[in-house]
Amino acid sequence: MRLIQLALAALLISHSAYGAEQRRPNILFIISDDQSPMDFDFYNPKASLQTPVIDKLAAEGMVLDGAYHMGAFVGGVCTPSRHMIMSGRTLWHLPIGPGAKDHCPPNLEQSTMAAVFNRAGYATMRTCKQGNSYEGANKQFTVRHDSSKRGDTDETGSAWHAEQVLNYLNDREATKDTKPFLIYYGFSHPHDTRDGKPELLAKYGAENHTDRNTLPPLNAKLPLLPPNYLPAHPFPHGHPGLRDEVAVSGVWEKRDPQTIRNEIGRYDACSENIDIQIGRVLERLEAMGELDNTYIFYTADHGIAIGRHGLQGKQNLYEHTWRVPFVIKGPGIKPGSRAPGNIYLLDTLATICDLAGIPAPDSNEGLSFKPVLEGKKDAVRDVMYGSYCGGTKPGMRSVKKGDWKLIEYDVMDGAVREKQLFNLAENPNEFLTQHHDTSVIALTGVTPEPNQVNLAADPKYADKLAEMEALLLAEMRRLDDPYRLWSQPSDGLTPPTEAAPRQKKAKEKKGKKKPEPTAAN
């Protein structure tokens, strides 16, 4: 009898341990490449893009209105952004940054996302684009299938990434793997080249345009111009010859409405295909009985302009590019909820650790926004900082607090020094004086209000400008920004001496599609 009792107790303990293992939440982290929040209906009801699967995630989970990436010191903004996601480190404390020797611990890859979850007993899997990422961290995933897939077929496009995840889930089921999982489900689109599938291109009236000597057809189905479209940015953005501004196949240096509308149509076609592929994976998780125990994150590594403010790429600090979409669905998250959040992408590591009951690594600098997801807080910080200095130095900086935002430019070796002050509650599109021009209004159909302008030069806002400039300097000091702008004290700093990263020159032969440069993958 005593032996029977011991055997029953052991069985109960084993069953309890198995149940505890099963109760540990899964993490499905989905990330696209170059996607603005302004392109989703749950951020912009006038958006042309249709994403029923992601919309459903938003309706059943939480949408964050204040999610940002911290910036970049190279033209390939993806690279520092993905380092921050993987490591939880701030911009100037990355292993690839100019201050790495003083501000980054050694062997950081052992404290990145997959390494942390591996040690905690999770099964880890990754699929994403190849390159412009954090290779040391990517290698930590137990299962890894990376390749850049930006073609217009299932084999060469986003469906390939879905197949890697589906194959992994099928293998888990076949081997009866009961470990909780961390899946990093990344896409190569809608980053250019935006070769959409034919049926989705037709839906949005676009074509995969490859002839720089002609304009794409003007199809009535094409998406409209964004409200803050401009035919040119009002002053140099500070990165001459930037690949994203002059060499994107289908756009090149062109900013005419026909070209921009076609490129938005291509972008929408690629983005809707991502939505379809996410749906396939969610259906499989539901069939496996795993969906209800899975936290699902949807975001992007940064935003993108595509005609907004006369820009094309991601090397700017306007809201359409500095912000990222961020949707989370999972256990304990109230359906249909919304919060500012005021998060950076680098907060991801701390948050998924918190949700999984895993201590964040000591090297982590991000903040867990689990209290926001639980409805206990609206935001995890009050002030947001942004930087871009991948071109001429010291570059551009931004700071945001409440409704107020400041962008300052110190570029082209001091030849361009500009300030932009916006009240985002009154001017969410960051309209400039140029948006009030009748020729621009005729193209967009949008007439800005008189107060929807850059307020930096308005004497009425001199105190607010001074307040925001002081706030920017404080953030630059706090985050070990190694540069100072022309209007700031030098603080005795000696700026880094490395030259601006060189962009690969776009070389095209007439009649042939340009090979995709790797510098801005």
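Residues numbered from 1 in each chain as written. Predicted model: local features only at pLDDT ≥ 70, side-chain atom pairs only at ≥ 80, totals over all residues. Heavy atoms only, no water.

### Side note on the pattern of salt bridges
Stage number 1. A complete count under the given rule lists 40 salt bridges for this structure.
Stage number 2. One salt bridge in this structure joins Asp-154 and Lys-197, with 2.7 Å as the shortest N-O distance. Here Lys-197 lies in the loop between β7 (181–190) and α8 (198–204) and Asp-154 lies in the loop between β6 (143–146) and α7 (158–175), a separation of 43 residues in the sequence.
Stage number 3. Look at the salt bridges and you will find they share partners, linking Asp-33, Arg-82, Lys-129, Arg-150 and Asp-301 into a network. (Salt bridge = Lys/Arg side-chain N within 4 Å of Asp/Glu carboxyl O. Helix = DSSP H or I, 4+ residues; strand = E, 2+ residues; numbered from the N terminus.)

### Points about the sheet that holds strand β9 (residues 326–329)
Stage number 1. The sheet built from 8 strands is open, its strands ordered β6-β5-β7-β1-β8-β9-β2-β10 with mixed pairing. Here the strands that pair on one side only, and so sit at the sheet edges, are β6 and β10 (337–339). Each strand axis lies, on average, 10° off the axis of its neighbour in the sheet, ignoring direction.
Stage number 2. Direction of pairing for strand β2 (residues 62–64) relative to β9: antiparallel, over a ladder of 2 bridges. From the neighbouring strand, Met-62 faces β9, where its bridge partner is Ile-328.
Stage number 3. Helix α2 (residues 52–60) rests against β2, β8 (294–300) and β9 of the sheet, and its axis sits at about 65° to β9. (Pairing = 2+ DSSP bridges. Axes fitted to C-alpha atoms, helices over the stretch in contact; angles between N-to-C directions. Contact = heavy atoms within 4.5 Å.)

### Overview of the nonpolar core
Stage number 1. Of all hydrophobic cores here, the largest spans 78 residues; its most connected members are Phe-117, Tyr-185, Phe-297, Phe-326 and Phe-369.
Stage number 2. Excluding anything up to four places from it in sequence, Phe-297 contacts Ile-27, Leu-28, Phe-29, Ile-30, Phe-326, Val-327, Ile-328, Ile-352, Leu-355 and Phe-369. (Core = buried A, V, L, I, M, F, W, Y, C linked by side-chain atoms within 4.5 Å. Buried < 20%, exposed > 50% of the residue type's maximum accessible area, 1.4 Å probe, protein only.)

### Thoughts on the environment of Pro-223
Stage number 1. Within the fold, Pro-223 resides in the loop between α8 and α9 (243–246).
Stage number 2. For the pair Pro-223 and Ile-264, spaced 41 residues apart in sequence, the C-alpha to C-alpha distance is 6.6 Å.
Stage number 3. Ignoring anything within four residues of it in the chain, the contact list for Pro-223 reads Ser-48, Tyr-204, Arg-261, Ile-264, Gly-265 and Asp-268.

### A closer look at helix α3 (residues 78–87)
Stage number 1. Burial within α3 is extensive, with 10 of its 10 residues counted as buried.
Stage number 2. Taken residue by residue, α3 has Cys-78, Thr-79, Pro-80, Ser-81, Arg-82, His-83, Met-84, Ile-85, Met-86 and Ser-87 as its buried positions.
Stage number 3. Gly-88, located one to two residues past α3, shows a positive phi value of around 70°.

### A short note on the packing of aromatic side chains
The description of an aromatic ring pair rests on the distance of the ring centres and on the angle between the ring planes.
Stage number 1. Applying the stated criterion across every chain yields a total of 15 aromatic pairs.
Stage number 2. Pairing Phe-29 with Tyr-184 gives two aromatic rings, centres 5.5 Å apart and planes at 40°, and the pair type is tilted. One end of the pair, Phe-29, is in strand β1 (residues 26–33); the other, Tyr-184, is in strand β7, with 155 residues separating them in the sequence. Note on accessibility: Phe-29 and Tyr-184 belong to one class, buried.
Stage number 3. Three or more aromatic residues joined by ring pairs make a cluster, and in this case those are Phe-29, Phe-141, Tyr-184, Phe-297, Phe-326 and Phe-369. (Phe/Tyr/Trp six-rings, centres within 6.5 Å; stacked < 30°, edge-to-face > 60°.)

### Looking at unusual backbone geometry
Stage number 1. For the peptide bond that leads from Asp-192 to Thr-193, omega is 5°, which places it in the cis range.
Stage number 2. If you trace the backbone, Thr-193 turns up in the loop between β7 and α8.
Stage number 3. In this structure, the amide linkage connecting Lys-393 to the following residue, Pro-394, adopts the cis form with an omega of 0°.
Stage number 4. Its place among the elements puts Pro-394 in the loop between β12 (383–388) and β13 (395–401).
Stage number 5. Even without a glycine there, the phi angle at Glu-430 is positive, about 55°.

### Section: the sheet that holds strand β14 (residues 404–411)
Strands pair in a sheet through their backbones, by hydrogen bonds, and they do so in one of two ways: parallel or antiparallel.
Stage number 1. Strand order across the open sheet formed by 5 strands is β4-β12-β13-β14-β15, with mixed pairing between neighbours. Unpaired on one side and paired on the other, β4 (71–72) and β15 (416–423) mark the two borders of the sheet.
Stage number 2. Two elements, β13 and β14, share 7 bridges in a ladder whose sense is antiparallel. Following the sheet pairing, Gly-395 is matched in β14 by Asp-410.
Stage number 3. With respect to the sheet, helix α15 (residues 462–478) is in contact with β12, β13, β14 and β15, its orientation differing from that of β13 by roughly 110°.

### What about the packing of α7 against helix α10 (residues 257–287)?
Stage number 1. One can describe the packing of α7 onto α10 by two numbers: an axis separation of 9 Å at closest approach and a directional angle of 5°. With respect to each other, α7 and α10 are oriented roughly parallel. On α10, the residues touching Ser-158, Ala-159, Ala-162, Glu-163, Val-165, Leu-166, Leu-169, Asn-170 and Glu-173 of α7 are Asn-273, Ile-274, Gln-277, Arg-280, Val-281, Arg-284 and Leu-285.
Stage number 2. For the contact of α7 with α10, a count of residues per class yields 8 nonpolar, 4 polar and 4 charged. (Parallel < 35°, antiparallel > 145°, perpendicular 65-115°, else oblique. Nonpolar A, V, L, I, M, F, W, Y, C, P; charged D, E, K, R; others polar.)

### Some points on the pairing of β9
Along any regular strand the residues' side chains alternate between the sheet's two faces.
Stage number 1. Side chains Phe-326 and Ile-328 project from β9 onto one buried face, and the interleaved Val-327 and Lys-329 project onto a second face that is buried too.
Stage number 2. Pairing of β8 with β9, which is carried by 4 bridges, proceeds in the antiparallel orientation. From the neighbouring strand, Phe-297 faces β9, where its bridge partner is Ile-328.

### Here's the deal with the packing of α2 against α10
Stage number 1. It is the contact of α2 with α10, at a shortest axis distance of 7 Å, that shows an interaxial angle of 60°. By the angle between their directions, the pair α2 and α10 is classed as oblique. Across the interface between the two elements, Pro-52, Val-53, Ile-54 and Leu-57 from α2 touch Asp-275, Ile-278, Gly-279 and Leu-282 from α10.
Stage number 2. Here the contact of α2 with α10 is built from residues that sort into 6 nonpolar, 1 polar and 1 charged.

### Topic: the side chain of His-302
Stage number 1. Along the polypeptide, His-302 turns up in the loop between β8 and α11 (319–322).
Stage number 2. At 3.4 Å, the side chain of His-302 and the side chain of Asp-301 are in polar contact. (Polar contact = N/O pair within 3.5 Å; in protein donor to acceptor, adjacent residues only side chain to side chain.)

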